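In case you want the letters, here they are:
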Amino acid sequence: MARFQKEKDKKNELIVYPNPANLILNVEWECELSSNAKIKIITDKGDIVSTQKLSEGVKGIILNVAELATGSYNVVLHINGSDIISRAVIIIH
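Residues numbered from 1 in each chain as written. Predicted model: local features only at pLDDT ≥ 70, side-chain atom pairs only at ≥ 80, totals over all residues. Heavy atoms only, no water.

Participant: Got a minute to help me understand the overall build of the protein chain in this structure?
Facilitator: Counting its secondary structure elements, the protein chain contains 1 helix and 7 strands. For the protein chain, the α and β elements follow one another from N to C terminus as α-β-β-β-β-β-β-β. Out of the 93 residues in the protein chain, the part that is buried amounts to 32%. A sequence separation of at least 24 residues applies to 55% of the contacts in the protein chain between residues at least 6 apart. (Helix = DSSP H or I, 4+ residues; strand = E, 2+ residues; numbered from the N terminus. Buried < 20%, exposed > 50% of the residue type's maximum accessible area, 1.4 Å probe, protein only. Contact = heavy atoms within 4.5 Å.)

Here's what the structure looks like:
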């Protein structure tokens, strides 16, 4: 039972690295995407500073974060109108 739970949790995992980031941020996931999926970067105040549309079948993306101000952000996987998974990331320049 515990093994099944681990595998199930992995499908809902969003991996972001490096953290802290400077120029680029790698984002990876295991869940299946719909045709209207996107990755959002949101400030700690809730402002969306970046949105990237994702293609079906894609399992990762490299984001350019060089233009973002130093600070704390959330990377959010958004599918079918809902924020599915979120991870905190720090940008340092």
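Participant: Would you take a moment to explain the sheet that holds strand β6 (residues 71-79) for this structure?
Facilitator: Across a sheet, paired strands are connected by hydrogen bonds in the backbone, their directions being either parallel or antiparallel. A sheet is described by the order of its strands in space; here 4 strands give the open sequence β4-β3-β6-β7, paired in antiparallel fashion. In the strand order of this sheet, the two ends are held by β4 (48-53) and β7 (82-91), each with one partner. With strand direction ignored, the average angle separating the axes of adjacent strands in the sheet is 20 degrees. Sheet topology note: the strand β3 (residues 38-43)/β4 ladder contains 5 bridges and is antiparallel. By the bridge assignment for β4, I41 is matched with S50. (Pairing = 2+ DSSP bridges. Axes fitted to C-alpha atoms, helices over the stretch in contact; angles between N-to-C directions.)

Participant: Just to check I follow, could you spell out the pairing of β3 for this structure?
Facilitator: Two faces make up the sheet, and in a regular strand the side chains alternate between them. For β3, the buried fraction is high: 5 of the 6 residues fall into the buried class. Where β3 hands over to β4, the hairpin turn is made up of 4 residues, of which G46 adopts a positive phi near 95 degrees.

Participant: Would you take a moment to explain the nonpolar core for this structure?
Facilitator: Considering soluble globular proteins, one finds that nonpolar side chains tend to be buried as a cluster. Residues L25, V27, W29, I39, L54, V75 and L77 are the most contacted members of the largest nonpolar core, which totals 23 residues. Going through the elements one at a time, β1 (14-17), β2 (24-29), β3, β5 (60-64), β6 and β7 are the ones with two or more residues in this core. The leading source of residues in this core is β6, at 4 residues. (Core = buried A, V, L, I, M, F, W, Y, C linked by side-chain atoms within 4.5 Å.)

Participant: Looking at this structure, I do not really get the pattern of salt bridges. What am I missing?
Facilitator: Any two side chains of opposite charge can pair, on the condition that their charged atoms come close. Tallying each qualifying case throughout the model produces 2 salt bridges. Close ionic contact of E32 with K59 constitutes a salt bridge, the shortest N to O distance being 3.2 Å. Residue E32 is located in the loop between β2 and β3, and its partner K59 is located in the loop between β4 and β5; the two are separated by 27 residues in the primary sequence. On the basis of relative accessibility, which here comes to 60%, the residue E32 falls in the exposed class. Put simply, D83 and K40 hold a salt bridge, and the shortest N to O gap is 3.0 Å. (Salt bridge = Lys/Arg side-chain N within 4 Å of Asp/Glu carboxyl O.)

Participant: Help me understand unusual backbone geometry, please; the structure alone is not making it clear to me.
Facilitator: Omega for the peptide link from Y17 to P18 comes to -5 degrees, which places this bond in the cis form. Secondary-structure assignment places P18 in the loop between β1 and β2. N19 connects to P20 through a cis peptide bond whose omega is 15 degrees. In this structure, P20 sits in the loop between β1 and β2. Backbone geometry places N80, a non-glycine residue, at a positive phi of 50 degrees. Inspection of the secondary structure puts N80 in the loop between β6 and β7.

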